[in-house]
Amino acid sequence: GTGASSLAFSWVGLLDAWLGTVTSSHEIINLALGGTTTKAFRPDGSSSSVDVNRDITRALELNPDLIIVNLPTNNVAEGISVSTTVAHYRQIKGAADAAAVPLLLTTAQPRNFDDLTLRAKLQDEAVAIRARFGAAVIDIYDELTDFGNNLALKSAYDSGDGVHLNDEGHAYVFETMRPMVAEHVTP
């Protein structure tokens, strides 16, 4: 929820509040950690970079009804290629599929890198995620992107650092994911 004015206005907070209105009982377990990349979220044993307290294996141990993965810019920031990112997501989704747990993942989102080639890589990542994961994708890239300003994060959604979303950006992410999450909610 970095960038939101409070947890309540982050997409996770908005999701939690909404679930409280449509379910008799729910629990959100947030395994997020700022700066995380797909390397850390892959299954146990796939790499020494895996964070066993926050990875897909740990998420599955919690017996979830649904997993949402939102790692929108850090792979590009860390120099992880688009093809490697997609391969990591395939491992992550494969683990969820093997456990019969639905998994949704967001596309990349824009970030105001000084290096414009990195901005283009975020766009390439969003396109690749859409192409590979189709119906499992929470597609947030285009709306958040200022295509007339070198693929920058739209100022209307920028918390002020060019990286994190403000309340309006978090609301957009939530509203985009809500119908997809609703498919997995039982009253």
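All figures in this text were calculated on a predicted structure; none of them were measured in a lab. (Residues numbered from 1 in each chain as written. Predicted model: local features only at pLDDT ≥ 70, side-chain atom pairs only at ≥ 80, totals over all residues. Heavy atoms only, no water.)

J.: Mind showing me how you'd approach the sheet that holds strand E3 (residues 137–138) here?
T.: Picture the strands of a sheet paired through backbone hydrogen bonds; they go either parallel or antiparallel. Spatial ordering of the open sheet is given by E1-E2-E3, a layout of 3 strands whose pairing is parallel. For this open sheet the edge positions go to strand E1 (67–69) and E3, each flanked by a neighbour on one side alone. Taken together, the 3 bridges between E1 and strand E2 (residues 103–106) define a ladder with parallel strand orientation. Residue Val 69 lies in a different strand from E2, and its bridge partner there is Leu 105. (Pairing = 2+ DSSP bridges. Helix = DSSP H or I, 4+ residues; strand = E, 2+ residues; numbered from the N terminus.)

J.: It is not clear to me how the pairing of E2 should be interpreted in this structure. Could you clarify?
T.: When a strand is regular, its side chains alternate between the sheet's two faces. Every second residue of E2 is oriented toward a common face, with Leu 103 and Leu 105 on one face and Leu 104 and Thr 106 on the other, all of them buried. Two strands pair when backbone bridges link them, and E2 and E3 are joined in this way by 2 bridges, in the parallel orientation. Each residue of the ladder has a partner; that of Leu 105, found in E3, is Val 137. As for the winding sense of the linkage, the β-α-β connection from E2 through helix H6 (residues 116–133) to E3 is right-handed. (Buried < 20%, exposed > 50% of the residue type's maximum accessible area, 1.4 Å probe, protein only. Right-handed = clockwise from strand over helix to strand, strands pointing away.)

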